[in-house]
Amino acid sequence: GAVVSQHPSWVICKSGTSVKIECRSLDFQATTMFWYRQFPKQSLMLMATSNEGSKATYEQGVEKDKFLINHASLTLSTLTVTSAHPEDSSFYICSARDRVGGRTQYFGPGTRLTVL
Amino acid sequence: QQQVKQSPQSLIVQKGGISIINCAYENTAFDYFPWYQQFPGKGPALLIAIRPDVSEKKEGRFTISFNKSAKQFSLHIMDSQPGDSATYFCAAIYQGGKLIFGQGTELSVKP
């Protein structure tokens, strides 16, 4: 089956620092990757869609200068939370689509970010 | 129009019973309806999915029933087990669109 990994699985950082989260598709090429945020007991909220080699498309209300997304290859996308603050503490999950026009998204295991 | 409404919010079922989760949608452009299972602290895992030209799909103990005219679909978990305790999300998508999630159902299967 299609496997998506994320690294790190959890991270604790001080307020004002930047944190980078990696998302990799391990056994398929992902032309499109997605980044979600999930608060406790809530559904997943799409933050942005990233296509390999082009700029990410951000959802309304998501600060693109704060959440930097890079999709440099068909198997790797990164999310950098810049100048993190306690309110950025959340569960960040990426997903990848295995082919153009495909409907199925495969999700990573998530990254728990805690900003002190 | 883009919403997917899911119910119930939480569900308690005895071991061996049937768990039923319902979802409804409005946008008739949706053409793919996946269900995801999420354990605490983990990402969602694709459980089973259906297209609107099929009324039912079964994989092991999991069955999706789809009613196109009513714009509703449901997940049935037969012979529910404590290991099935998790949060379940229905979702919907159309080509070029975004994956729209339901609100989630927290299932607890009591031994």
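Everything below is about the structure shown above.
Thresholds applied
- Residues numbered from 1 in each chain as written.
- Chains lettered and ligands numbered in written order.
- Predicted model: local features only at pLDDT ≥ 70, side-chain atom pairs only at ≥ 80, totals over all residues.
- Heavy atoms only, no water.
- Helix = DSSP H or I, 4+ residues; strand = E, 2+ residues; numbered from the N terminus.
- Rg over C-alpha atoms; globule rule 2.2 N^0.38 Å.
- Buried < 20%, exposed > 50% of the residue type's maximum accessible area, 1.4 Å probe, protein only.
- Contact = heavy atoms within 4.5 Å.
- Areas by Shrake-Rupley, 256 points an atom, 1.4 Å probe, with all protein chains shown as cover.
- Lys, Arg positive; Asp, Glu negative; His and termini not counted.
- Charge placed at Lys NZ, Arg CZ, Asp CG, Glu CD.
- Disulfide = S-S within 2.5 Å.
- Pairing = 2+ DSSP bridges.
- Axes fitted to C-alpha atoms, helices over the stretch in contact; angles between N-to-C directions.

*Asks:* Help me understand the overall build of chain A, please; the structure alone is not making it clear to me.
*Replies:* Check the secondary structure of chain A and you find zero helices and eleven strands. In chain A, the succession of helices and strands from N to C terminus is β-β-β-β-β-β-β-β-β-β-β. Here chain A has a C-alpha radius of gyration of 13 Å; the compact-globule value for 116 residues is 13 Å, and the two agree. Taken along its principal axes, the extent of the C-alpha atoms in chain A is 40 × 25 × 25 Å. The 116 residues of chain A split such that 51% are buried. Counted over contacts in chain A with a minimum sequence separation of 6, partners at least 24 positions apart contribute 55%. Surface accessibility of chain A: about 5600 Å² in total, with carbon and sulfur atoms responsible for 53%. Counting 12 positive and 9 negative side-chain charges, chain A places the centres of these two groups 2 Å from one another.

*Asks:* Explanation requested: the overall build of chain B in the structure shown.
*Replies:* When you go through chain B residue by residue, the secondary structure sums to zero helices and eleven strands. Ordered by position in the sequence, the α and β elements of chain B form the string β-β-β-β-β-β-β-β-β-β-β. In summary, chain B has a C-alpha radius of gyration of 13 Å against a globular reference of 13 Å for 111 residues, a match within 12%. For chain B, the spread of C-alpha atoms along the three principal axes comes to 40 × 30 × 20 Å. Here chain B holds 111 residues, and 46% of them are scored as buried. In chain B, 53% of the contacts between residues at least 6 apart in sequence involve partners at least 24 apart. Summed over its atoms, the accessible surface of chain B is roughly 5400 Å², and 49% of this surface lies on carbon and sulfur atoms.

*Asks:* Please explain the state of the cysteines as it appears in this structure.
*Replies:* A covalent bond between the sulfur atoms of two cysteines is what we call a disulfide. Throughout the structure, instances matching the rule amount to two disulfides over all chains. Disulfide pairing is shown between B:Cys23 and B:Cys90; the S-S distance is 1.9 Å. Handedness of the B:Cys23-B:Cys90 disulfide follows from its S-S torsion of about -100°: it is left-handed. Remark: B:Cys90 occurs in strand β9 (residues 86-92) and B:Cys23 occurs in strand β3 (residues 19-25); sequence separation between them is 67 residues. The class of B:Cys90 is buried, set by a relative accessible area of 0%. Not part of a disulfide, A:Cys13 finds its nearest cysteine sulfur in A:Cys94, a span of 18 Å. Given the relative accessible area of 9%, A:Cys13 is considered buried.

*Asks:* Looking at this structure, I do not really get the sheet that holds β3(B). What am I missing?
*Replies:* For sheets, the rule is that strands pair by backbone hydrogen bonds, running either parallel or antiparallel. Residue and element names in this part refer to chain B. Taken in spatial order, the five strands line up as β1-β3-β8-β7-β6 in an open sheet, and their pairing is antiparallel. A single partner strand is all that each edge strand has here, and the edge strands are β1 (4-7) and β6 (56-59). The sheet shows a mean angle of 15° between the axes of neighbouring strands, taken without regard to direction.

*Asks:* Teacher, can you tell me more about the sheet that holds strand β3 (residues 19-25) of chain A here?
*Replies:* Residues and elements named next belong to chain A. Spatially, β1-β3-β8-β7 is the arrangement adopted by the four strands of the open sheet, whose pairing is antiparallel. Pairing within the sheet leaves two strands with one partner each, and these edge strands are β1 (4-7) and β7 (67-73). For this sheet the average axis-to-axis angle between neighbouring strands, irrespective of direction, equals 15°.

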